[in-house]
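Single-letter residue listing:
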Amino acid sequence: MDNINKITRNEKLLEINNLTIQYETDSGTVHAVENLNLNLGYGETLGFVGETGAGKTTTALGILRLLPAAVGEIKSGQIMFEGEDLLKKSEAEMRAVRGAKIAMIFQDPMTSLNPVMTVDQQIAEMIKLHKKVSDSEASKLAGDMLELVGIRRERMHDYPHQFSGGMKQRVVIAIALACDPMMLIADEPTTALDVTIQAQVLELMKKLKDTFDTSMILITHDLGIVADICDKVAIMYAGRVVEYAGKRELFTSPTHPYTIGLFNSVPDIDDDIERLNVIPGLMPDPMDLPTGCTFHPRCVHAIPECAERKPETVETSPGHFVACSVLAAKKLEMGGDER
Amino acid sequence: MIRYILRRILFLIPVIVGVAFCVFTLLYFTPGDPARMILGDMATEEAIQNFREAEGLNSPFFVQFGNYIYRAVTKGDIGRSYMTKRPVMNEIMQAFPATLKLSFFAILISIVIGIPCGILSAIKQYSIFDTVIMILAMVGLSMPVFWLGLLMIILFSVHLGWLPSSGFDTFSAMILPSLALAAQSISMVTRMTRSSMLEVVNADYIRTARSKGQKESVVILRHALYNALIPVVTLCGLQFGQLLSGAILTESIFAIPGVGRIMVEAIKTRDFPMVQGGVLAIAIVFSVVNLAVDVLYAFIDPRIKAQYK
Amino acid sequence: MSVKTKTNGASSNRKQRSGLAEVMFRLKKSPLAMFGLGIIALIVFFAIFADVVAPYKFYAQDLDHMFETPSRAHLLGTDEFGRDILSRLIYGARVSLQVGFIAVSIALIAGGTLGAAAGYYGGKTDNIIMRVMDVLLAIPQTLLAIAIAASLGPGLLNLMIAVGISATPRYARIVRSSVLSIRGMEFIEAAHAVGSSDFRIIMKHIIPNSMAPIIVQSTLGVASAILNAAGLSFIGLGIQPPNPEWGAMLSGGRQYIRDYPHLTLYPGLTIMTTILALNFLGDGLRDALDPKQRR
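Everything quoted here is computed from the prediction, not taken from an experiment.

Caption draft 1: Region of interest: the overall build of chain B. When you go through chain B residue by residue, the secondary structure sums to 13 helices and zero strands. Tracing chain B from N to C terminus, the helices and strands come up as α-α-α-α-α-α-α-α-α-α-α-α-α. Judged by the C-alpha coordinates and their principal axes, chain B covers about 85 × 60 × 30 Å. For chain B, with 309 residues in total, the buried portion stands at 42%. Summarising the internal contacts of chain B: among those between residues at least 6 apart in sequence, 72% fall at separations of at least 24.

Given below as structure tokens:
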């Protein structure tokens, strides 16, 4: 996906160009993210979709430069946020960004909160880091945030273990939004919750997103959530974005074979089938990625070129980008002009 | 909270009775006739039989045990020393303060040295510092306390003449024995602190703290440390027990007038009531210390505190 | 159309290893653990072949050559009876290893059985067994060994029993907690559903899955058993002269410490090296057996 950042409208809140992240382990190098390109406009919500292990969380941690220090390394690329490259900032400058400009919500609410601090202390900590307020003022603001996420103010001095999973996640959201960040990265915020609670938390997130006018990257593997809350969607596979489009466009004309496979694998309650549709094969080992297009071993449309070269990005319709060598080849055949 | 403390104290009682039972059983089945031991070889057969009647030594096992408990609780009488003929309780009470002082200093040293070393080791994992500390800790764990004590005497008393090798009254006399005793403990505390820190430092909530833009030093000191030290508190309680038993050997080497030295003497002279009395006393102190640690734990860990509010 | 899929080949370089081979592979990664393993192997060798390897018999006195410092004839010198220290250390290895292994075996069998029963049957059995263990644990381990040894009297066998019993509660606890965590797992329910007997379930499923913490504890347990045995011998319980035991040698040499420190130096060094090696090995095993260990 090389040209999406140049072609679509400028003034992006976030532009990631050719990001490559690797992990060094005893058994080898894990190529978690390879030449990733992504962008997010002001006020947009981007759905970042992919299976477990595709590299979504790694990308998110990379944006905030929170990769585990000993093993994770950003090898190359640019992360432009509000016009500045985050990768060139010092640690002190990044600390000013974290929480204040970009906030993150992690996947498991059960372990994301410090068990020995009260919830208001944890929210207040966020506030005091980025705003010059007194302790009592911070405490009051913390209470305000709690009410905003639907938790009674009287519970501010309770400890995390006294809350249910869904409420813990609300606290996590309260912390993240306490300083009104420009961008929120939510890493599978509802995956660890019961289905009924999932809906509630999503509703809350939608409401808050509008109230605070926050741009959001929502990492998920659930297409239903994408349909509900996102404006744009990026499909990630084995460390790369393979398709990017507006929500409506993606759902009506999924183009990349992987995306089509994903949609096909969601069973339809009205269908009378014996077996679920699956994409044959498994996601590749990130230490031993296929050459060329990482999806080619599982792709029914693969041509010999797919194993040789990294797929080019093709804009199949305005704002809809697909990384596929087969498509690129077809476009060449048709004269190579953009529709 | 009070209920929790009271319950724990209540649980302590059967445990102590159990320990007394073990001690008494061991004493009961040790070869040798207590009457003969106390009255001496010159005693007549009649005197021995009278003594046995008077002390209830001909009664069945459980009756004797019942008497033992009764006497212990009401009169503080846990037998008489075969050697000195004086009540065991008196000897122990006289000797205990020295043992407690020794163990207390040892645990203090362990905490003051062990915790910072463990923290630094964890923060600088895989560095030279970490490797050196871990190897030193291993060596400390592996050194028998009686050998270390002797080595220290050779080096600091005999060759350098800096510190005395016996007694416990002056501050300088306390240094060598406390250090020798503490060696193993320092190592355990260091290792435990390190592994606890490592576990905590990789926890999700630490990542959350960083994602707020918090300074790394605050993340470590405020978020990680408190959580990491909680299990170390429990360890220190258990270590105290080790120290109490280690004190036995240490006192022997440094001629410190504590319970341990009395017990070692008693072993040599086959003065079993004294030996078992010492065991009982130390076990009781150990149990009380563990109780205190449990209660402390409830105060510092809000997850436990909430359970018993 | 079919396309030959190509990868960059890293996967095929990593062979699938069997369970034991995997553990050995991971163990080899730790130089300290391998060092420990080497030392232990050496000591075991010396213990087994003491008669052949030791230059002198451990009881051979030579009153003309008492207190000698290391020389060609006596590599580590002689003690207060002119006995060769090196030989006594070598024979002492036999004693220490015997005590270590047998004491741990006693503790494993007794503690393991009790712990397994407590964990598996739960309820009253669990309660009673664990209450008894709690009482035993209220007495610090070394102290308990001292108490039992004082009661039983001196001698190698009594020493092994005393150290073994004092270690039992710990093993009971470990085995119990392993059993509890596995008992809850679904494959045990499945085994029940298929009609396996209790005994069969314990033998075939529970024990193999509990091995890791038990192996680690046993290795470290041998170390602490040797240490305890030395301590007991040092204060006069346990091995009696002239039998060579490292702790007893230390005790014997103590009175000559000012003039002849080598009498205490070498036995102590030997104890320390053995314990250190066992600890390194135990730590290495713990890391190698832990499925969650990642750099």
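Still to come is the rest of the account.
Caption draft 2: Geometry of the overall build of chain C. Of regular secondary structure, chain C possesses 12 helices and zero strands. Starting at the N terminus and ending at the C terminus, chain C contains elements arranged as α-α-α-α-α-α-α-α-α-α-α-α. Reported as C-alpha extents along the three principal axes, the dimensions of chain C are approximately 90 × 60 × 30 Å. Going through the 295 residues of chain C one by one, you find that 47% of them count as buried.

Caption draft 3: The arrangement of the environment of A:Glu305 in detail. Residue and element names in this part refer to chain A. Relative to the helices and strands, Glu305 is located in helix 12 (residues 304-308). For Glu305, a count of 16 C-beta atoms within 10 Å translates into the label partly exposed. Discounting chain neighbours no more than four positions away, the residues touching Glu305 are Ser325 and Ala329.

Caption draft 4: Expanded view of the confidence of the model for chain B. For chain B, per-residue confidence averages 86 on the pLDDT scale, and 99% of positions sit at 70 or higher. The weakest mean pLDDT in chain B belongs to helix 2 (residues 34-39) of chain B at 73; the strongest belongs to helix 9 (residues 204-211) of chain B at 92.

Caption draft 5: Spotlight on the interface of chain B and chain C. Taken residue by residue, the interface counts 37 residues in chain B and 31 residues in chain C. Where the side of chain B that touches chain C is concerned, the elements lending two or more residues are helix 1 (2-29), helix 6 (128-142), helix 7 (145-159), helix 10 (216-254), helix 11 (259-268) and helix 12 (272-300) of chain B. The leading source of residues in the side of chain B that touches chain C is helix 12 of chain B, at eight residues. Here the residues of the side of chain B that touches chain C sort into 27 nonpolar, nine polar and one charged.

Caption draft 6: Focus on the nonpolar core. If you look at the biggest cluster of nonpolar residues, it comprises 237 residues, and the most contacted ones within it are A:Ile123, A:Ala174, A:Ala234, B:Val23, C:Ala147 and C:Val163. Here this core takes 14 residues from helix 10 of chain B, the largest share from any one element. Each of two domains, domain 1 (2-75) and domain 2 (89-268) of chain B, supplies a minimum of three residues to this core. Discounting residues that sit within four places of it in the chain, C:Ala147 has contacts with B:Val23, B:Leu26, B:Val275, B:Gln276 and B:Val279. Judged by nonpolar contacts, the second largest core, of 15 residues, contains C:Ile43, C:Leu76, C:Leu86 and C:Ile90.

Caption draft 7: Local environment of the domain arrangement of chain B. Under the domain assignment, chain B is made up of domain 1 (2-75) and domain 2 (89-268). Summarising the inter-unit geometry, the C-alpha centres of domain 1 of chain B and domain 2 of chain B are found 36 Å apart.

Caption draft 8: Main features of the interface of chain B and chain A. At the junction of the two partners, chain B supplies 18 residues and chain A supplies 24 residues. Of all elements in the fold, only helix 9, helix 10 and helix 13 (302-307) of chain B reach the threshold of two or more residues within the side of chain B that touches chain A. Ranked by residue count, the leading element in the side of chain B that touches chain A is helix 9 of chain B, at six residues. Looking at side-chain class alone, the side of chain B that touches chain A contains five nonpolar, six polar and seven charged residues.

Caption draft 9: Layout of the sheet that holds strand 1 (residues 12-25) of chain A. All names here are of chain A. Ordered in space as 2-1-4-5, the four strands form an open sheet in which the pairing is antiparallel. This sheet does not close on itself; its edge strands, each paired only once, are strand 2 (28-41) and strand 5 (84-85). Bridge count for strand 1 against strand 4 (residues 72-81) is eight bridges, and the pairing is antiparallel. Paired with Ile21 across the strands is Ile74, a residue of strand 4. On the sheet, helix 2 (residues 56-64) packs against strand 1, strand 2 and strand 4 and is oriented at approximately 70° with respect to strand 2.

Caption draft 10: Fine view of unusual backbone geometry. The phi angle at A:Glu82 is positive, at roughly 50°, despite the residue not being glycine. With 14 C-beta atoms packed within 10 Å, A:Glu82 lands in the partly exposed category. In the Ramachandran plot, B:Ala255 falls in the positive-phi region, its phi being about 50° despite a non-glycine side chain. Taking the number of C-beta atoms within 10 Å as the measure of exposure, B:Ala255 has 14 and is therefore partly exposed.

Caption draft 11: Seen up close, the confidence of the model for chain C. When pLDDT is averaged across chain C, the result is 82; 91% of the residues are at 70 or more. In the predicted complex, the global pTM is 0.82; the interface-specific ipTM is 0.87.

Caption draft 12: Fine view of the environment of B:Tyr28. Here B:Tyr28 lies in helix 1. For B:Tyr28 and B:Phe51, which are 23 residues apart along the polypeptide, the C-alpha to C-alpha distance reads 16 Å.

Caption draft 13: Examining the sheet that holds strand 7 (residues 183-187) of chain A more closely. All names here are of chain A. One open sheet accounts for eight strands, arranged 6-7-8-3-9-10-12-11; its pairing is mixed. The open sheet has two edge strands, strand 6 (102-105) and strand 11 (313-317), and neither has a second partner. When strand polarity is set aside, the average angle formed by the axes of neighbouring strands in this sheet is 20°. Strand direction decides the pairing type here: strand 11 and strand 12 (residues 320-323), joined by four bridges, are antiparallel. Paired with Ser317 across the two strands is His320, which belongs to strand 12.

Caption draft 14: Highlighting helix 8 (residues 195-212) of chain A. Here helix 8 of chain A spans 26 Å end to end across 18 residues, near enough to the 26 Å set by a 1.5 Å rise per residue. In the stretch just after helix 8 of chain A, A:Asp213 is the one whose phi turns positive, near 55°.

Caption draft 15: Summary view of helix 5 (residues 85-121) of chain C. All names here are of chain C. In this model, helix 5 (37 residues) spans 52 Å end to end at C-alpha, consistent with the 54 Å of a helix rising 1.5 Å per residue. In terms of burial, helix 5 is largely enclosed, as 27 of its 37 residues are buried. Taken from the residues just after helix 5, Gly122 is the one with a positive phi, measuring 60°.

Caption draft 16: Expanded view of the pairing of strand 12 of chain A. Residues and elements named next belong to chain A. Where strand 10 (residues 240-246) meets strand 12, two bridges bridge the pair, whose relative direction is antiparallel. Note that in strand 12 the partner of Tyr244 across the bridge is Phe321. Counting the residues in the hairpin turn of strand 11 and strand 12 gives two residues, including Gly319, whose phi is positive at 85°.

Caption draft 17: Examining the packing of helix 3 (residues 31-48) of chain C against helix 5 of chain C more closely. All names here are of chain C. Across the interface, helix 3 lies against helix 5 with an axial gap of 8 Å and an inter-helix angle of 105°. Accordingly, the angle class assigned to the pair helix 3 and helix 5 is roughly perpendicular. Residues Ile43, Val44, Phe46 and Ala47 of helix 3 touch helix 5, and the partners they reach there are Ile90, Ala93, Arg94 and Leu97. For the contact of helix 3 with helix 5, a count of residues per class yields seven nonpolar, no polar and one charged.

Caption draft 18: Spotlight on the packing of helix 7 of chain B against helix 10 of chain B. Residues and elements named next belong to chain B. Across the interface, helix 7 lies against helix 10 with an axial gap of 9 Å and an inter-helix angle of 30°. Considering the angle they form, helix 7 stands roughly parallel to helix 10. By crossing handedness, the relation of helix 7 to helix 10 is classed as right-handed. Contact residues: Val145, Phe146, Gly149 and Leu150 in helix 7; Gly246, Leu249, Thr250, Ile253 and Phe254 in helix 10. Of the residues that constitute the contact of helix 7 with helix 10, the class distribution is six nonpolar, three polar and no charged.

Caption draft 19: Inspection of the pairing of strand 10 of chain A at higher detail. Residue and element names in this part refer to chain A. Of all seven residues that make up strand 10, six are buried, and the element is covered over most of its length. In this sheet, strand 10 lies alongside strand 9 (residues 232-237) in antiparallel orientation, the contact comprising six bridges. Directly across from Ile235, in strand 10, lies its bridge partner Glu243. Taking the residues between adjacent antiparallel strands as the criterion, strand 9 and strand 10 are bridged by two residues, where Ala238 takes a positive phi near 45°.

Caption draft 20: The environment of B:Tyr4, seen in detail. Counting through the fold element by element, B:Tyr4 comes out in helix 1. Residues B:Tyr4 and B:Asp294, 290 residues apart in the sequence, show an inter-C-alpha distance of 9.9 Å.

How each quantity is defined
Residues numbered from 1 in each chain as written. Chains lettered and ligands numbered in written order. Predicted model: local features only at pLDDT ≥ 70, side-chain atom pairs only at ≥ 80, totals over all residues. Helix = DSSP H or I, 4+ residues; strand = E, 2+ residues; numbered from the N terminus. Buried ≥ 20, exposed ≤ 12 C-beta atoms within 10 Å, placed from the backbone. Contact = placed C-beta atoms within 7 Å. pLDDT = per-residue confidence, 0-100. Nonpolar A, V, L, I, M, F, W, Y, C, P; charged D, E, K, R; others polar. Core = buried A, V, L, I, M, F, W, Y, C linked by C-beta atoms within 7 Å. Domains from an automatic or database assignment. Pairing = 2+ DSSP bridges. Axes fitted to C-alpha atoms, helices over the stretch in contact; angles between N-to-C directions. Expected span 1.5 Å × (residues − 1). Parallel < 35°, antiparallel > 145°, perpendicular 65-115°, else oblique. Left-handed = near helix turned anticlockwise from the far one by under 90°.

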